[in-house]
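Breakdown of the fold
Here are the chains, one letter per residue:
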Amino acid sequence: HPLVALVQFGEAAIASNVDAAVSIEWRGLLMAAWIAGALLALAWFGLRQRRFMRQLERKRDRAFDTVEGQGPALVGLWRPRIVLPGDFRERYTRGERRLVLAHEIAHLRAGDIHAQAFATALRCLFWFNPLVHFAAAQFRFDQELACDAAVLEKFPRGRARYGSAMLKTQLAVFGLPVGCHWQSSHPLKERIEMLKQPLPARTRRLAGSMLVAMLVGCGTW
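This write-up is about the structure you can find in this document. Note on numbering: residues in each chain are counted from 1, in written sequence order. Selection of residues for local features in this predicted model requires a pLDDT of at least 70, selection of side-chain atom pairs for listing and counting requires 80 or more, and totals for whole chains, interfaces and linings are taken over all residues. Computation of side-chain values covers all heavy atoms of the structure but excludes hydrogens and water.

Among the nonpolar cores identified, the biggest contains ten residues, and these are Leu-74, Ile-82, Leu-84, Phe-88, Tyr-92, Val-100, Ile-113, Ala-165, Val-178 and Cys-180. By the convention used here, residues are in contact when the closest approach between their heavy atoms is within 4.5 Å. Apart from the residues lying within four places of it in its own chain, the contact partners of Phe-88 are Arg-97, Val-100 and Leu-101. Definition of nonpolar core: a set of buried residues of the types Ala, Val, Leu, Ile, Met, Phe, Trp, Tyr and Cys, connected through side-chain atoms within 4.5 Å. Here's how the labels work: a residue is buried when its accessible area is under 20% of the maximum for its type, exposed when over 50%, partly exposed in between, all with a 1.4 Å probe on protein chains only.

Following this line, the structure appears as structure tokens:
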């Protein structure tokens, strides 16, 4: 009967509208939860960064700042500056000071500050994914290893002094969200073990770069 068909059509339309409204409501709740989590993560990282920056003692007549109770670091997204402990000259020997500064300069030349800022932004956007936080920690550790290798390549006879400087460095519990800081979360034993290994030859590094490019290309595809 036409009237029955009209009623059935109306019931189906109402049910469809109800399902659509429920779906939109759930999407809205999920979006709100994601935005709230991202803002909380951003606030947490910003608080950690501000807490460290407020401890700095500016040295306008010098190319670096000082901070008490912290190890060497590189901070500043727009104007990067090296941060050294207050007892830098007393804690390290002359040769060790040269190696520590070379390590921070390696971070500066590699653009690690901006890379860390990008990694922190990804952690804020994907705060719900533990793999992102794990990858960010491993990425930070790889940066330290790369700078260690750069220092050893420049000072091939400074392995012993460099290892001694690592052991003298007061490590931080948490790394800076935007900055390169020597952390206690870094496997210090692995970094010291690396000092005993010969640096890879140019051919090996080229082959490694090509292999990484292939893996990234295949994974992206």
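Next comes the rest of the account.
In this section: the pattern of salt bridges. By convention in these notes, a salt bridge is any Lys or Arg side-chain nitrogen within 4 Å of a carboxyl oxygen on Asp or Glu. All told, the structure shown has three salt bridges when counted by the stated rule. Residue Arg-91 is joined to Asp-87 by a salt bridge in which the shortest nitrogen-to-oxygen separation is 3.0 Å. Between Lys-168 and Glu-96 there is a salt bridge, with its nearest N and O atoms 2.9 Å apart. Of this pair, Lys-168 sits in helix H6 (residues 159–168) while Glu-96 sits in helix H3 (residues 94–110); the two residues are 72 residues apart in sequence, bridging distant segments of the chain. What makes Lys-168 partly exposed here is its relative accessible area of 32%. Residue class for Glu-96 comes out buried when judged on its relative accessible area of 4%. Runs of H or I in DSSP of at least four residues are treated as helices and runs of E of at least two as strands, each being numbered from the N terminus.

For the rest of this paragraph, the subject is the side chain of His-107. With respect to the helices and strands, the residue His-107 is situated in helix H3. Any pair of N or O atoms that falls within 3.5 Å is considered a polar contact. Within protein, one atom must be able to donate a hydrogen and the other to accept it, and sequence-neighbouring residues count only if both atoms are side-chain atoms. Here Glu-144 takes part through its side chain, which lies 3.1 Å from a polar atom of the side chain of His-107. What His-107 contacts, discounting residues up to four positions off in sequence, is Leu-74, Asp-112, Gln-143, Glu-144, Cys-147 and Cys-180.

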